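Below are the chains, spelled out letter by letter.
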There are 2 protein chains.
Amino acid sequence: MFMDIKNIMKNKNMRFTVARTELLEILIKESKPVCYEDVKHRINMDKATFYRNIAKFVDEDIVNSFESSDKKSYFEMKVDSHPHFICNYCHSIKCIDNLGSVVLEGYEVESIILKGKCTLCR
Amino acid sequence: MFMDIKNIMKNKNMRFTVARTELLEILIKESKPVCYEDVKHRINMDKATFYRNIAKFVDEDIVNSFESSDKKSYFEMKVDSHPHFICNYCHSIKCIDNLGSVVLEGYEVESIILKGKCTLCR
DNA sequence: ATCTATTGTGCGACTAAGTCGCAATTAAGT
DNA sequence: ACTTAATTGCGACTTAGTCGCACAATAGAT
Ligand SMILES: [Mn+2]
Ligand SMILES: [Mn+2]
Ligand SMILES: [Zn+2]
Ligand SMILES: [Zn+2]
């Protein structure tokens, strides 16, 4: 795992730093998308450092991002890309595995977000 | 149309005001989701007035809302609800009509957002 | 038509997510 | 070890959206 991150960095021509290692470790371990607040709660990382590294990860296709109904951005590793359900009422985010593939002529669909009322809220 | 808005307000037990009429007229005429900036560009309406009225419309199920990749909220009349495609690169929003219905067991899906690369950006 | 209770509007101050410039630090190749 | 370019952390800044409050407008009663 430690070695994995070092290799990812090498492949993407990015320097192997403590901040990036800690951030990627959280993203890899976590099974849900995380926001800056989530990361800050676990490790000491500056806002700017977080957002700049995340932007680079997104740029390098390592990480996916989307905006939730709580007006914050959430981030997740891009491996095993899947849809997400966001509750408009409690703002919880659920990863969805059992949804047929959605194809849209002319567009390159990178992520799918379903919004509505979750199991607990209805 | 003018009468329609008055009736909507009556049915929802909301006062019939100039601000609400102007805002609903824009939402009804517009064929794309709009943000505050879009509305401000067309009429003189205070931010607080806009967001408070929009929140009420959303609450009363007249209007749908979602967050775009430009970190702004967009709003659209709830009639003829349909999915939207948001480009992660140019942040354009397209209304999608030709997509099969998505059903998710246990959840009440209110809106569907597809994100990715639009026709122009790829 | 006027009066009154209640709701809506506009303004300015505020909040909070995210960005930017800059000086200090660190990674990585020689 | 040395050098150079990339990265980090800090504080200032930007901007979408919220809040409190004084004033204005609505809708119903008289
Ligand atoms: Mn997920
Ligand atoms: Mn639409
Ligand atoms: Zn919920
Ligand atoms: Zn585009």
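Cut-offs used in this document
Residues numbered from 1 in each chain as written. Chains lettered and ligands numbered in written order. Predicted model: local features only at pLDDT ≥ 70, side-chain atom pairs only at ≥ 80, totals over all residues. Heavy atoms only, no water. Near = heavy atom within 4 Å. Polar contact = N/O pair within 3.5 Å; in protein donor to acceptor, adjacent residues only side chain to side chain. Helix = DSSP H or I, 4+ residues; strand = E, 2+ residues; numbered from the N terminus. Nonpolar A, V, L, I, M, F, W, Y, C, P; charged D, E, K, R; others polar. Contact = heavy atoms within 4.5 Å. Buried area = accessible area lost by both parts, 1.4 Å probe. Salt bridge = Lys/Arg side-chain N within 4 Å of Asp/Glu carboxyl O. Phe/Tyr/Trp six-rings, centres within 6.5 Å; stacked < 30°, edge-to-face > 60°. Buried < 20%, exposed > 50% of the residue type's maximum accessible area, 1.4 Å probe, protein only.

Quick word on the protein's contact with DNA strand C
Thought 1: With respect to spatial proximity, 19 residues lie near DNA strand C, and among them Lys-47 and Tyr-51 of chain A together with Arg-15, Thr-17 and Arg-20 of chain B are the closest.
Thought 2: Each atom of DNA strand C within 4 Å of the protein was classed as base or backbone; sugar and phosphate made up 63%.
Thought 3: Tyr-51 of chain A is positioned with one of its side-chain polar atoms (N or O) 2.3 Å from a phosphate oxygen of DNA strand C.
Thought 4: Thr-17 of chain B places a side-chain nitrogen or oxygen 2.7 Å from a phosphate oxygen of DNA strand C.
Thought 5: Those elements giving two or more residues to the surface near DNA strand C turn out to be helix H4 (47–59) of chain A together with helix H2 (18–29) and helix H4 (47–59) of chain B.
Thought 6: Across the surface near DNA strand C, the residue classes break down as 5 nonpolar, 4 polar and 10 charged.

Examining the interface of chain B and chain A
Thought 1: The interface of chain B with chain A comprises 32 residues on the first partner and 32 residues on the second.
Thought 2: Together, the buried faces of chain B and chain A total about 2700 Å²; carbon and sulfur atoms form 53% of this surface.
Thought 3: Broken down residue by residue, the surface that chain B buries against chain A is led by Glu-67, Tyr-107 and Lys-115 of chain B, which jointly contribute 25%.
Thought 4: Connecting chain B to chain A are 4 salt bridges.
Thought 5: In this structure, the salt-bridge partner of Lys-115 of chain A is Glu-67 of chain B, at a minimum N-O distance of 3.3 Å.
Thought 6: Applying the counting criterion to the chain B and chain A interface returns 15 residue pairs in polar contact (both at pLDDT 80 or more).
Thought 7: For the side of chain B that touches chain A, the secondary-structure elements that each account for two or more residues are strand S1 (63–67) and strand S5 (108–117) of chain B.
Thought 8: Among the residues making up the side of chain B that touches chain A, the classes are represented as 14 nonpolar, 10 polar and 8 charged.

Notes on the packing of aromatic side chains
Thought 1: Overall, the coordinates contain 12 aromatic pairs over all chains when judged by the stated rule.
Thought 2: Ring centres 5.0 Å apart and planes at 85° place the aromatic pair Phe-50 of chain A and Tyr-51 of chain A in the edge-to-face group.
Thought 3: Between the aromatic rings of Phe-66 of chain B and Tyr-74 of chain B, the centroid separation amounts to 6.3 Å while the plane-to-plane angle is 20°, which identifies the pairing as stacked. For the pair Phe-66 of chain B and Tyr-74 of chain B, a shared accessibility class is recorded, and that class is buried.
Thought 4: In textbook terms, an aromatic cluster arises when at least three aromatic residues are bridged by ring pairs, as seen for Tyr-36, Phe-50, Tyr-51 and Phe-75 of chain A.

Looking at the protein's contact with DNA strand D
Thought 1: The immediate surroundings of DNA strand D are formed by 19 residues, with Thr-17 and Arg-20 of chain A together with Arg-15, Lys-47 and Tyr-51 of chain B found nearest.
Thought 2: Protein-proximal atoms of DNA strand D, defined as those within 4 Å of the protein, fall in sugar or phosphate at a share of 60%.
Thought 3: At 3.2 Å from a sugar or linking oxygen of DNA strand D is found a side-chain nitrogen or oxygen belonging to Arg-15 of chain A.
Thought 4: The contact in question runs from a phosphate oxygen of DNA strand D to an N or O atom on the side chain of Thr-49 of chain A, over 3.0 Å.
Thought 5: Counting residues per element, the ones that place at least two in the surface near DNA strand D are helix H2 (18–29) and H4 of chain A together with H4 of chain B.
Thought 6: Looking at the surface near DNA strand D residue by residue, the class counts come to 5 nonpolar, 4 polar and 10 charged.

Thoughts on unusual backbone geometry
Thought 1: Unlike most non-glycine residues, Lys-71 of chain A shows phi in positive territory, near 65°.
Thought 2: Among the secondary structure elements, Lys-71 of chain A is positioned in the loop between strand S1 (63–67) and strand S2 (73–77).
Thought 3: Given the relative accessible area of 64%, Lys-71 of chain A is considered exposed.
Thought 4: You will see that His-91 of chain B, though not glycine, has its phi angle at about 60°, which is positive.

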